[in-house]
Amino acid sequence: MVEGQIAIEEYRTGNTEHHWDLKKIKSAHKLLATYSYKKGEVNKGYANRTLYVNLSTGVIQEKPVTDEMKKKFTGGRGFGLKLLWDSIKPTTRWNSEENELLITTGPLCGTTQYAGSGKSLCLSVSPSTNIICDCNVGGFFGPYLKFAGFDALELQGKAKEDIVVVIDGEKGTVSIETAPLEEINTHLLSEQLTQIYATENTYKSRQKVSVVSSGLAAQHSYWGCLNFSFYDIRRKVPRIKQAGRGGLGTVLRDKKIKALVVKVERFDGVSNHPADPVSLAKVGTKLHREIRNLDRYQCNMRAVGTGHLVEIMDAYDLLPTENYRFGSFPKASKIYSPKFYELFTKIIPDGCWHGCTMACAKTVDGYTVMTGPYKGEKVTVDGPEYETIGACSNMSIWDPLWILEFNFYCDTYGIDTISAGTAIAFYMEMYEYGILNKERCNGLELCFGNADAALELLHRIAQDDTGEFIKVAAKGARRVKDWLIQNGWGEKQLVEDTGMESKGLEFSEYVTKESLAMQGGYGLTLKGPQHDEAWLIFMDMVNNAIPTFQMKAEALLNQRTMQRRQSLRRFPNMCKTTSYIRMQ
Ligand code: SF4
């Protein structure tokens, strides 16, 4: 144990404990389909097969991974796009029977020698845009899927009732089971399923289970996210990372999937059996050293996570405030990273996969919920990350506790904090102009800074409130624009210009009006305006590294190369966060 860390048995989160009758919950499961497979080792980063599950027919089968597939479609995104290409049609919409939800991994997924290698990719036709959306996400599910025997999971069709898909890498079975009694919201469901499927009633055993879930609001909105769990053996809770963008959690719930569960028999630092372990160790050691030596001077993410960006964005007029009207704000210092550092539980390692020196996945333990169905309960809140804080500054919410509240409910309800924050900021600006009002908003006073009203909107979406505004607001900025225009409320051009979305997806949290490179990047992204495909703002506005039009154009052309540089190009599926240190 590293000096200063907390021993496993010493730490308690102080969270509210739940006493469920898990035997009763499990015994209500009905087995709908099962499949046995031959277990095998991962060889040179590949399990050499993918898993296909059809929820309508109960068909479960393996598909081979060919050498051609590895060569042509290297990495999680490539595998996912290939499998989707083979399965959907030009007419497939997000809620079509044939639409698929995929979770895929790359050849280095699950290695521990290179920081940030626990990522998986999630893909589907998005409800927000009706085009393919991909998101990368941390947590244990991707590596465990590979170690259980599959490079990718392909889910097609729709179940008739709430089910769980269980991949048991210990027994070598895949099953579809009804799950009528479990909770739906993530912070409870992931804990229930982790305990139900752990082989033994020990923390070590729970660590070998990972759950993908969403939440109640995901099934009534287009903002559904996927929560990937990683059991934190020191805190003794399943924590979560999100595949947030594009409504993939909405697709999960539309398929009536309550959760996906994977469990492994064992894993260690070499379970991936990489093709070139010596080179991997060499480049991994170099990255570990750079993170350890440079992060404290460059980003300080090891201490405060991605929230370090708030003060930088504020200083350079890039922090979204009042629906992107301003890029900095007098109250912004109230949400700078030191304010969250005070709230984080410290000294406990915070990586979302083993071997991550960056360990940016910060956490507030024992947070007392202020509103809604869990009011008064003490919970663990993962994050908040920069984008969530930026979503709140966009709504003019400047209190760290309300940001934690927004973060907690978005996560447990299965909602993307970026889409929800950006869309609600738009509704707030419409409210300020009188285009929306209390009556049109079903009683909500959605003015800037009203955190209570923003939370109430989330609760009412989760409760499937039938108010006309609540229904349309849950579908995001694009649909609210159409609704306002159809009703003749507000001048059409103003409404179109004020709602920050493109292709139906809400912008992520950067003010781009002074950064042509970032604006262009948002416009050129495949899935819609999301920074993982186009993060030139730092290079453009903070480092001033691309000052001329030509340089900005070249950067846009080469943005993937420039952003991901050698490491991510050579090692697809790596964590973007660990690459920041090389970009700054
Ligand atoms: S850098 Fe952060 S998000 Fe990336 S793997 Fe490490 S802890 Fe997870």
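Calculation rules
- Residues numbered from 1 in each chain as written.
- Predicted model: local features only at pLDDT ≥ 70, side-chain atom pairs only at ≥ 80, totals over all residues.
- Heavy atoms only, no water.
- Helix = DSSP H or I, 4+ residues; strand = E, 2+ residues; numbered from the N terminus.
- Contact = heavy atoms within 4.5 Å.
- Buried < 20%, exposed > 50% of the residue type's maximum accessible area, 1.4 Å probe, protein only.
- Pairing = 2+ DSSP bridges.
- Axes fitted to C-alpha atoms, helices over the stretch in contact; angles between N-to-C directions.
- Parallel < 35°, antiparallel > 145°, perpendicular 65-115°, else oblique.
- Left-handed = near helix turned anticlockwise from the far one by under 90°.
- Nonpolar A, V, L, I, M, F, W, Y, C, P; charged D, E, K, R; others polar.
- Core = buried A, V, L, I, M, F, W, Y, C linked by side-chain atoms within 4.5 Å.
- Phe/Tyr/Trp six-rings, centres within 6.5 Å; stacked < 30°, edge-to-face > 60°.
- Lys NZ or Arg CZ within 6 Å of the ring centre and 35° of its normal.

J.: Looking at this structure, I do not really get the side chain of Asn407. What am I missing?
T.: Position of Asn407 among the secondary structure elements: in helix α13 (residues 400-413). Residues in contact with Asn407, not counting those within four places in the same chain, are Val381, Asp382, Gly383, Pro384, Glu385 and Thr388.

J.: When you look at the pairing of strand β9 (residues 173-178) in this model, what are you seeing that I'm missing?
T.: On any regular strand, side chains alternate: one points to one face of the sheet, the next to the other face. Of all 6 residues making up β9, 6 are buried, and the element is well covered by its neighbours. Here β9 shows a buried face lined by Thr173, Ser175 and Glu177 and a second buried face lined by Val174, Ile176 and Thr178. Sheet topology places strand β1 (residues 31-36) next to β9; 5 bridges connect them, and they run antiparallel. Opposite Ala33, over in β9, you have Ile176 as the bridge partner. Strand direction decides the pairing type here: strand β8 (residues 163-168) and β9, joined by 6 bridges, are antiparallel.

J.: Is there a simple way to explain the packing of helix α19 (residues 516-524) against helix α21 (residues 549-557) in this structure?
T.: Relative orientation and spacing of two packed helices are given, respectively, by the angle between their axes and the distance between those axes. Here α19 crosses α21 at 30°, and the two axes come no closer than 9 Å. As summarised for this structure, α19 and α21 are arranged roughly parallel, according to the angle between their axes. As for the relative orientation of α19 and α21, their crossing is right-handed in sense. Contact residues: Leu516, Ala517, Gly520, Gly521 and Leu524 in α19; Phe549, Lys552 and Leu556 in α21. Tallied by class, the residues present in the contact of α19 with α21 amount to 5 nonpolar, 2 polar and 1 charged.

J.: Is there a simple way to think about the nonpolar core in this case?
T.: One broad trend across soluble globular proteins is that nonpolar side chains are buried collectively. One finds Tyr427, Leu446 and Phe469 to be the most contacted residues of the largest nonpolar core, which totals 80 residues. When neighbours within four sequence positions are excluded, Leu446 is seen to be in contact with Ile424, Tyr427, Met428, Tyr431, Cys441, Ala453, Ala454 and Phe469. Residues Val42, Leu84, Val137 and Val212 belong to the second largest nonpolar core, which totals 57 residues.

J.: Honestly, the environment of Ala451 in this entry has me stumped. Any pointers?
T.: In this structure, Ala451 sits in helix α15 (residues 451-462). The spatial distance from the C-alpha of Ala451 to the C-alpha of Gly504 is 24 Å, given a sequence separation of 53 residues. What Ala451 contacts, discounting residues up to four positions off in sequence, is Ile397 and Trp402.

J.: Just to check I follow, could you spell out the sheet that holds strand β2 (residues 49-54) for this structure?
T.: Either a parallel or an antiparallel arrangement is found when strands of a sheet pair, and the pairing is made through backbone hydrogen bonds. Spatially, β3-β2-β7-β4-β5-β6 is the arrangement adopted by the 6 strands of the open sheet, whose pairing is mixed. This sheet does not close on itself; its edge strands, each paired only once, are β3 (60-64) and β6 (132-137). Averaged over all neighbouring strand pairs, the angle between strand axes comes to 20°, with direction disregarded. When strand β4 (residues 100-104) meets strand β5 (residues 120-125), the two strands line up antiparallel, connected through 3 bridges.

J.: Would you mind going over the packing of aromatic side chains with me for this structure?
T.: Working definition: an aromatic ring pair is given by the centre-to-centre distance plus the angle between the planes. Evaluated as defined, the whole model comprises 26 aromatic pairs. What links up through ring pairs into an aromatic cluster is the set Phe140, Tyr144, Phe147, Phe230, Phe267 and Trp353. Lying over the aromatic face of Phe150, Arg49 brings its terminal NZ or CZ to 5.1 Å of the ring centre. In this structure, Lys346 is placed above the aromatic ring of Tyr341, and the distance from its NZ or CZ to the ring centre is 4.5 Å.

Structural measurements only, silent on function.
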